[in-house]
Each structure stands twice: as structure tokens, then as C-alpha cells.
Amino acid sequence: MASSAPVLQQHNNFLFTFSSKTKNTNSIFFFNSYNSSLNCVTKPLASTSSSLFSSPFQTSSRPLIRLTRVSTAAVEYVPPAPDFDFHKEIARLKALKSKLDNCTNLKDRIRVIDSDSRVNSFFFSHKNSFSRVLETLHLDEFEVFLLKCVVAAGQQHVFGDVCTEFEQKRSSLKSALYALAEMIENWDVNGGNGGGGGGVNGYGIGTEEHEALRSMLKIIGEVERFYDCIGGIIGYQIMVLELLALSTSERQSLSHHSNKSLKREIIEIHPPRALDLSQDLEYASQAAIWGIEGLPNLGEIYPLGGSADRLGLVDPDSGECLPAAMLPYCGRTLLEGLIRDLQAREYLYFKLYGKQCITPVAIMTSAAKSNHERVTSLCEELHWFGRGRSNFKLFEQPLVPAVSAEDGQWLASGPFKPVCKPGGHGVIWKLAYNEGVFQWFYDHGRRGATVRQVSNVVASTDLTLLALAGLGLRQGKKLGFASCKRNAGATEGINVLIEKKNLEGKWTYGISCIEYTEFDKFGMTDNSLSSYSVPGGRLECTMQNLADNFFNTRSSRCYDGVEDGLDTFIIYNERKKVTSSAKKKRRHGDKSLHQTPDGSLLDIMRNAYDILSHCEIKIPKIEGNEKYVDSGPPFLILLHPALGPIWEVTRQKFHRGSISRGSELQIEVAEFLWRDVQLDGSLIILAENVLGSTTIDENGETILQYGKRCGRCKLENVKILNDGINWNSKENLYWKHDVQRFEAVKVILHGNAEFEAADVMLQGNHVFEVPNGYKMKITTGDSGLAVELKPIENKLMECGSWFWNYKIMGKHVQLELVEL
């Protein structure tokens, strides 16, 4: 192991590319597609970041999905079995798995599972009665096989009381089965339900239990099918037990063994050398231009399947728990925010090239907290964001059993109710392959896709995503990461350059990532990381170590500049432009805002300060988070990303002025000009048509047409003075943009409406609502404000009376104001 310590960096989004040949997330990935099977490996190397990648399918025998240690989760504790022998149980299950692996059909698999001692004893010691139970429940052969796998894995307690020992004489579980069989016999004799025994069809299993059984069969069926590459249900349990059984020294031994079996050995871990976008501004701008040009070659992937338990999100009407995608952040759900950022990049492409680019979006959902149904309903309610249903592909992530950390026993909340959680974002690769997502992208003519984590609200800030995509496309990379400085002690992974030597004496190199839970194993320390103890968790597939399968081989060891020739790469930027997540609820009295919606809002305000302070606009500077633990932010500024999204575009629309402490500025319009504006209070500008207008296509779908009949707003030499937000209100929830106001100036633009204010002071409360097809102009009159409302000329209805003309000049985007 290397003595040099890696630079601690967190990464947050990713992008990938597709190809018909074998060319070539929270950070950014880039990859090309391959046509071959996907395998799993047991090496516990993991990361929770995101990245830019190329396709995970290749003809190499190297495995792709990494299954990490059991991740922590808040679950009910189950006492361990006395004197439980991990190694004995693992050996027994491995022997069973080996026999199952040799089977070619379901009939043979059933024969093998029936030969297991646990299954034989449980199912056949009272064969006549229990077999009839299964028959009367109308289970097919595969469903019966699944139940037998659960028993073989030592998890029969999920059929009844969680802590019941199957081996006990006349256990409560067996007693229940005997009673069930007797009720079935009585039903057969009486030709009915035995006097209304209350069961489903008189079988003695109530409606709730019957539904729970069906639900459990669906879940364990998905586990069996998805984890087929490691042995299905049996392989899942083996992995859980192996990871639970490992001590630190044993983990290192397993790591060495796994790498030896793959004919490679980890030699050193180094700090990676990265392009620093915050320092090399010219090259960063060039890379962003490449990213804009390549937008028609890219898709978008959103892993939304996580349960987001730490957010504690609840529907205020129904009281039901909600997934992270539904978090109402800054006035819209997090899912809407992802699409909004994507459409901003597409709008920039339209303004530069005059062509519409609609990016196909693949969304991984799950059954947790009705995630799939809620995401689907939101998309339908918003008419698929004006992008057409055919440009979305939703695929559902499997749930996996949560286990006791003491002995790997599955947790259950009742009969046939194993506690289940999503299996980790890393399932996205195999699942996407199984569900035809990569082929779907390829059919849309896409070479790659950007992968974004839903909780990272700043990932699309400025040019980070575009530069990452541009470099990946331009240089033909397979996979890359967008990274930043890591906060010490945070639950964040790191990017590293890994150097390996295989048994043939060849050297391999690549950019990878290591999860914070694995630091000790790799000889890294982070003294500020607090220790913790948890009773349970789940087996989790992690997303980022797909990178380990895109390493490059050299005949001799490389000492300098090895990163330039790798298929993997990394870019670096300021943290507030790469990652700031809203993934956990702030607890009452908690002095840390890290990874909370409150803390991420402060980073959005810091970014707003950086944009506007460079436009000769006087604005209060934001201090450290600790300054705002007991108060709101110093101001609220929410700018629509289509004003840019790259900052050099946004800054050309703002010129001089001031924003006072405690002010609020919300701009929901892309065609906008601010010149010499002084704001002291609240100014809200809302347009129906921010990016364009919608039409109904031949399939009856709502389609957004960029640049058509946009709303427009110009403010020149304007002073706005009002009492604005009531900063003392206890009801304010700033990260939701749910605030109480005393006064505000509000401009509402319907359709292609235009608003202009020049040489005027707007004091107090005002609402200017401009109807579709009209232009409103506010000036100073003899007795106060002069308001002029005129219809827009017919010839200007589509393009407006003025617009911004975008041009690429060298490595930069320049704007010109065109008035008609």
C-alpha cells in the first residue's frame, strides 16, 4: 500500500457515451457501449459519488458491479442467534449455490433446493399438510422455489414471528402451519370455509397476510432475478454474511485474494492530477463549448430510486412518506429541478445553433415509498415537461431485504413482511442493461449520457457539466469524474489514481473512487470521522466503481503524466459548483448545516453572489454556514438557469446596480436585461413561457418549442423599494422558498408578454400582470407612474420586439441585444 495519502475530493455527477464498437455518479461519468454480459464481483470497494462514464459492457472478463459492505440504515434490531457461526453458514450456502449454479432449468434447481437439509426438514417433515397449503394458495413452481430459497438461506422466520426458531419443537410458526392445514382440511370436508374462518377463500390466511405474501414473492423474485450473477437469493445471503464476518484484517485479506483471483494486485494509491476549471479559465471555456456542441449526442440518467430516509419527507395531506424526488425545493420538486437544468442547456444550444435538441431521459425509480407511482404521476401531471412521453424511459429498481448486523437475519415487520430498501444506485448498470436502456439511448442516436444525483442541487452550476461532457467527447474518454475539495469528516468518498501490477508483471492505471467507510482498509485516515454503531443495514451496490473496469495497461511502470493517456479522467472545480446536497433533514438544535436543504441553499446564494458581484452589482457577501444556523440567509436570489446556464452568459444580462441585505430576487425568465437597478425589498418576475411556447403534436402530446413566443423583461435605471420578506416570521422555510412577505413588486408575464420599466422608482406593493400578446411599459409620469399597455405587432409575435443573439467567439459565448 502506498504511503502517500490521496487528495480528499468529493465527486457528484456523471456522463457516458455510446458506440456500436468497443471504443470508448455523485460526480460525472462518460462511457461508450459494448455488447456483452455483465458480471458481479465481491470486492468491497465502494464510493457514493457520481461521475462521467462510458458503457459498462465489454468483452473483457473483468466484472463490473461492486457490492459494498452492508450499509447503515435505521432499522429494527433483531437479537442474534446464540453462538452463530458465520463461516459454517457461509460454507453451507456456498455448497448449495455451487450445485444450483450447475443447474440448467427450474426443475433441476427445485430438485437441488429440495435436497437442502433445512428445506427438506421444513417443507417435508409434514409433507401432506404443508404441500396442500401451497397448492391451495395457487403458487406456481417458481414461487414455491423462491420460498424454499428463503428457508435455505435461513430466513424462514419472515413467514411468521421474526424471532421464532424454526428448529423448536412445535414452534409458533409450525403451530400456525398445522392450524392452517387443519382449516384447509375442514374447508375441503365442508365444501366451504368451515363456518367463515375469516381467511382468504377459507384458507386461514387473512386478506392482509395473503397480500403480504404476494408482495413478498414479488420482492424476492426480483432479488432472485437481479442478483442471478452472484447466485440470486442464496448468493445475496452469502454476500451479506461474508461482509458481516470480516474484521479489518480479514477485509484486507479478502481484498488481496479477490485481486489475485483477477490476476492483479493493488500497489499504490495516489492523489489524481485533474484539470482545475477554477484556474485554467480559458481551457474550461473551450471544454464547455465542446460540451454544448455535443449535446445532441448525449442522454440523461436520473437514479431516483433511493428511499431518502434521512430527509424524513412526509406528504402533508396523506401523512405518507415521500422519496427524495418529491422534496419541494425552492418552489419545485427536485425532479423538476433536474429537468429545468437540462432544459437550460438545451436552450443555450438552441440560442447558439438555432436548432431544437430534446435529450432522452432515463429515470431509475423503485417501489420504496411509492416512488415509481409518484414519479410517473408527476411527469404525467406536468405533461412530461413538454418533452413528449417517448423521450422518457422509466425503469424500476429492485428492493432488497434489510438485515440484522449481528447475524445477517432478515428483518421483518410482520408475517410475510420483510423490511426492504432499494438496493443502491449501483444496480443502475445491470438494471439498465436488462431493461434495454442503453439500447434505447442508442436508438435515439446518443453516444452517452449525463448521470445526476437528485439531491445534488448545484451539480449543473456554471460550466462544470458542460466542460466534463466536452472533454469526454472531445478526447474519446470512457469515464470521468467531476470532483472538488472534500470536507474533512464528511460522509463522502474520494477520487484516487490507482496503480496496480498484475501477475504477468504489467501495470494498470485508472481514476477510481473510495468510499469513506473503506478508508481504513486502504490505509487512509480521517481523524474527524466519528465512529458509529448500527443494528442493521442492507447489501448495497455502489455506482462509481464501474471506473475500475476502464483501467489502462502499460508494459512498464509510469511515473509522471500517466493521467493524460488514460481512458478515465477527472476535472476539478470549486465545491459550490460541484456538490451541495439536500439529503438529510436538519434536526432541531443541530448546529451543522452540512448536506441539509438549509446548507445547500446557502451554496446557491454564494453562487448568486459570485455571478452578480462580477457585474458591478453591490451585494452582501455570504459568510460561513455557522453564521446562519439560527437565522435565514442574508438574501434570497433565485435565478432561472436558462439565464445562462454558464455564468459568462448570465453576466452579460446584468449591468451595475445594488441588492441590499434582506432583499429577495426571483427571475423566472430567460430573455432578460438588468441595467442600473437598485433593489431593496422583494422583486419577483414570473413568465409562463420562460423558454418558449408549447404545441400539441400529431400524437396529442404537449411539446415545448424553444425560442417561440417567450416572455421578456427589461429593467433600466429602476429603483425598487419595499418592505419585502418578513424575516422575523417563524413560518418561513427559506429552502422551500416558502416565506411571508410584507410587500413585493411582482411581474407576471402570460404567454409572450413583455415588460419594460425605465427611469422609474417602484415603491411599496405592486403587481404588474401582462396579458398574452401585449407589452407593458412603466415610466415616471406627471402624477406618479405611467403605465402603457400595447399589443405586440403581429410580425413580432414569435420573436418578440427584442432578443439576445448568441454567438461563439473563439472560446467564449458572446451576447448582442437585438431590438426590432
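Just so you know, these numbers come straight off a predicted model, no measurement behind them.

**Q** When you look at the overall build of the chain in this model, what are you seeing that I'm missing?
**A** Looking only at helices and strands, one finds 17 helices and 41 strands in the chain. Going through the 820 residues of the chain one by one, you find that 59% of them count as buried. When the accessible area of the chain is evaluated, it comes to approximately 32800 Å², of which 47% is carbon and sulfur surface.

**Q** Just to check I follow, could you spell out the pairing of strand β39 (residues 784-791) for this structure?
**A** Looking down a regular strand, the side chains alternate between one sheet face and the other. Examined bridge by bridge, strand β38 (residues 774-781) and β39 share 8 bridges and lie antiparallel to one another. Note that in β39 the partner of Tyr-774 across the bridge is Pro-791. Between β38 and the antiparallel strand that follows it, β39, lie 2 residues.

**Q** What is the right way to read the pattern of salt bridges from this model?
**A** Two side chains that carry opposite charge are able to pair once their charged atoms sit near each other. One pass over the structure, following the stated rule, counts 40 salt bridges. Lys-478 serves as the salt-bridge partner of Asp-567, at 3.4 Å between the closest nitrogen and oxygen. Taken together, the positions of Asp-567 in the loop between β24 (552-554) and β25 (568-572) and Lys-478 in the loop between α15 (464-475) and β19 (479-485) put the pair 89 residues apart, joining distant regions of the chain. Lys-478 carries the same exposure label as Asp-567, and that label is buried. Glu-574 is the partner of Lys-576 in a salt bridge, and the nearest nitrogen-oxygen pair spans 2.9 Å. We classify Glu-574 as partly exposed; its relative accessible area is 31%. A single network of salt bridges, built from pairs that share partners, joins Asp-462, Glu-574, Lys-576, Lys-577 and Asp-610.

**Q** Would you mind showing me how to read unusual backbone geometry here?
**A** With the exception of glycine, the majority of residues adopt a negative phi angle, and the majority of peptide bonds are in the trans configuration. Here the amide bond leading from Gly-644 into Pro-645 is cis, since omega sits at 0 degrees, within 30 degrees of zero. Looking at the element boundaries, Pro-645 is found in the loop between β27 (636-639) and α17 (647-650). Although it is not a glycine, His-383 sits at a positive phi angle of roughly 55 degrees. Looking at where His-383 falls in the secondary structure, it is placed in the loop between α12 (371-381) and β14 (392-397). For His-737, which is not a glycine, the phi torsion comes out positive at approximately 55 degrees. The class for His-737 is buried, based on a relative accessible area of 14%.

**Q** Which parts of the structure should I look at to understand the sheet that holds strand β35 (residues 745-749)?
**A** Pairing between the strands of a sheet is mediated by backbone hydrogen bonds and can be parallel or antiparallel. Reading across from one edge, β27-β29-β31-β35-β37 is the order of the 5 strands in this open sheet, with parallel pairing throughout. Two strands close off the open sheet at either side, each with one partner strand: β27 and β37 (766-770). Direction aside, the axes of adjacent strands within the sheet are offset by 10 degrees on average. Strand direction decides the pairing type here: β27 and strand β29 (residues 664-668), joined by 4 bridges, are parallel. Bridging from a neighbouring strand, Leu-639 pairs with Ile-667 of β29.

**Q** Sorry, what's going on with the packing of aromatic side chains here?
**A** Aromatic ring pairs are defined here through the distance separating the ring centres and the angle between the ring planes. Counted according to the given criterion, the structure contains 19 aromatic pairs. Taken together, the ring pairs connect Phe-122, Phe-159 and Phe-416 into an aromatic cluster. Of note, Arg-389 hangs over the ring of Trp-384, and the distance from its end group to the ring centre comes to 4.3 Å. Taking the ring centre of Trp-647 as reference, the NZ or CZ of Lys-577 above it sits at 4.1 Å.

**Q** Looking at this structure, I do not really get the sheet that holds strand β26 (residues 617-618). What am I missing?
**A** Taken together, 7 strands build an open sheet; the order of strands is β26-β28-β30-β34-β36-β38-β39 and the sheet is mixed. Across the chains shown, the open sheet's two edge strands, defined by having one partner strand only, are β26 and β39.

**Q** Explain the packing of helix α2 (residues 106-114) against helix α5 (residues 141-152) to me, please; I cannot follow it from the model alone.
**A** When two helices pack together, you describe them by how their axes are tilted relative to each other and by the distance separating the axes. Taken N-terminus to C-terminus, the directions of α2 and α5 make an angle of 30 degrees; their axes are 10 Å apart at the nearest point. In terms of axis orientation, α2 runs roughly parallel to α5. Every pair of crossing elements has a handedness; the one defined by α2 and α5 is left-handed. Listed contacts from α5 to Leu-106, Arg-109, Ile-110, Ile-113 and Asp-114 of α2 are Glu-141, Phe-142, Phe-145, Lys-148, Cys-149 and Ala-152. Here the contact of α2 with α5 is composed, by residue class, of 7 nonpolar, no polar and 4 charged.

**Q** Please clarify how the side chain of Glu-242 should be interpreted in this entry.
**A** Within the secondary structure layout, Glu-242 lies in helix α8 (residues 232-245). Judged by its relative accessible area of 17%, Glu-242 falls in the buried class. Polar contacts involving the side chain of Glu-242 include one to the side chain of Lys-94, which spans 2.7 Å. When near neighbours in sequence (up to four residues on either side) are disregarded, Glu-242 contacts Ile-90 and Lys-94.

**Q** Which parts of the structure should I look at to understand α5?
**A** For an α-helix, 3.6 residues make a turn, and residues three or four places apart therefore share a direction. Between its terminal C-alpha atoms α5 stretches 16 Å, which fits the 16 Å expected from 12 residues at 1.5 Å a residue. Most of α5 is tucked away: 10 of the 12 residues are buried. If you check which residues of α5 are buried, you get Glu-143, Val-144, Phe-145, Leu-146, Leu-147, Lys-148, Cys-149, Val-150, Val-151 and Ala-152. Between a side-chain oxygen at the N-terminus of α5 and the backbone nitrogen of Phe-142 the separation is 3.1 Å; the capping residue is Asp-140. Just beyond α5, the residue with positive phi is Gly-154, at close to 80 degrees.

**Q** Would you take a moment to explain helix α11 (residues 334-353) for this structure?
**A** A rise of 1.5 Å per residue sets the reference length of α11, with its 20 residues, at 28 Å; its end C-alpha atoms lie 29 Å apart and thus fit the reference within 8%. Of all 20 residues in α11, 18 are buried, a share of seventy percent or more. Of the residues one or two after α11, Gly-354 is the one with positive phi, at around 70 degrees.

**Q** Explain the nonpolar core to me, please; I cannot follow it from the model alone.
**A** Considering soluble globular proteins, one finds that nonpolar side chains tend to be buried as a cluster. Ranked by size, the top nonpolar core spans 124 residues in total, and within it Tyr-329, Leu-335, Phe-672, Leu-715 and Phe-755 carry the most contacts. The element best represented in this core is α11, accounting for 11 residues. Ignoring any residue separated from it by four or fewer positions in sequence, one finds Leu-335 in contact with Tyr-302, Leu-304, Ala-325, Ile-363, Val-375, Leu-378, Cys-379, Phe-385 and Val-454.

**Q** It is not clear to me how the environment of Glu-282 should be interpreted in this structure. Could you clarify?
**A** Looking at where Glu-282 falls in the secondary structure, it is placed in helix α10 (residues 281-293). Separated by 528 residues in the primary sequence, Glu-282 and Gly-810 have C-alpha atoms spaced 10.0 Å apart. Sequence-distant contacts of Glu-282, that is, excluding residues within four places in its chain, are made with Lys-811 and His-812.

**Q** Even after reading the chapter, I still don't get the confidence of the model for the chain, so can you show me in this structure?
**A** Residues shown with low pLDDT carry predicted positions that ought not to be read at fine detail. Summarising the model, the chain shows a mean pLDDT of 82, and 78% of its residues fall at 70 or more. Low pLDDT (under 50) marks residues 184-204, which in the prediction has 28 contacts with non-local residues, meaning those over four places away or in another chain. Confidence drops under a pLDDT of 50 for residues 528-532, and excluding neighbours within four residues, the segment shows 10 contacts in the predicted structure.

**Q** Just checking my understanding: could you explain the packing of helix α7 (residues 207-226) against α8 for this structure?
**A** Put simply, α7 and α8 touch, their axes get as near as 7 Å, and they point 80 degrees apart. When the interaxial angle is binned, α7 and α8 end up roughly perpendicular. Within the contact between the two elements, α7 uses Ile-220, Val-223 and Glu-224 and α8 uses Gly-232, Ile-233 and Tyr-236. A class-by-class count of the residues in the contact of α7 with α8 yields 4 nonpolar, 1 polar and 1 charged.

Conventions adopted
Residues numbered from 1 in each chain as written. Predicted model: local features only at pLDDT ≥ 70, side-chain atom pairs only at ≥ 80, totals over all residues. Heavy atoms only, no water. Helix = DSSP H or I, 4+ residues; strand = E, 2+ residues; numbered from the N terminus. Buried < 20%, exposed > 50% of the residue type's maximum accessible area, 1.4 Å probe, protein only. Areas by Shrake-Rupley, 256 points an atom, 1.4 Å probe, with all protein chains shown as cover. Pairing = 2+ DSSP bridges. Salt bridge = Lys/Arg side-chain N within 4 Å of Asp/Glu carboxyl O. Axes fitted to C-alpha atoms, helices over the stretch in contact; angles between N-to-C directions. Phe/Tyr/Trp six-rings, centres within 6.5 Å; stacked < 30°, edge-to-face > 60°. Lys NZ or Arg CZ within 6 Å of the ring centre and 35° of its normal. Parallel < 35°, antiparallel > 145°, perpendicular 65-115°, else oblique. Left-handed = near helix turned anticlockwise from the far one by under 90°. Contact = heavy atoms within 4.5 Å. Nonpolar A, V, L, I, M, F, W, Y, C, P; charged D, E, K, R; others polar. Polar contact = N/O pair within 3.5 Å; in protein donor to acceptor, adjacent residues only side chain to side chain. Expected span 1.5 Å × (residues − 1). Core = buried A, V, L, I, M, F, W, Y, C linked by side-chain atoms within 4.5 Å. pLDDT = per-residue confidence, 0-100.

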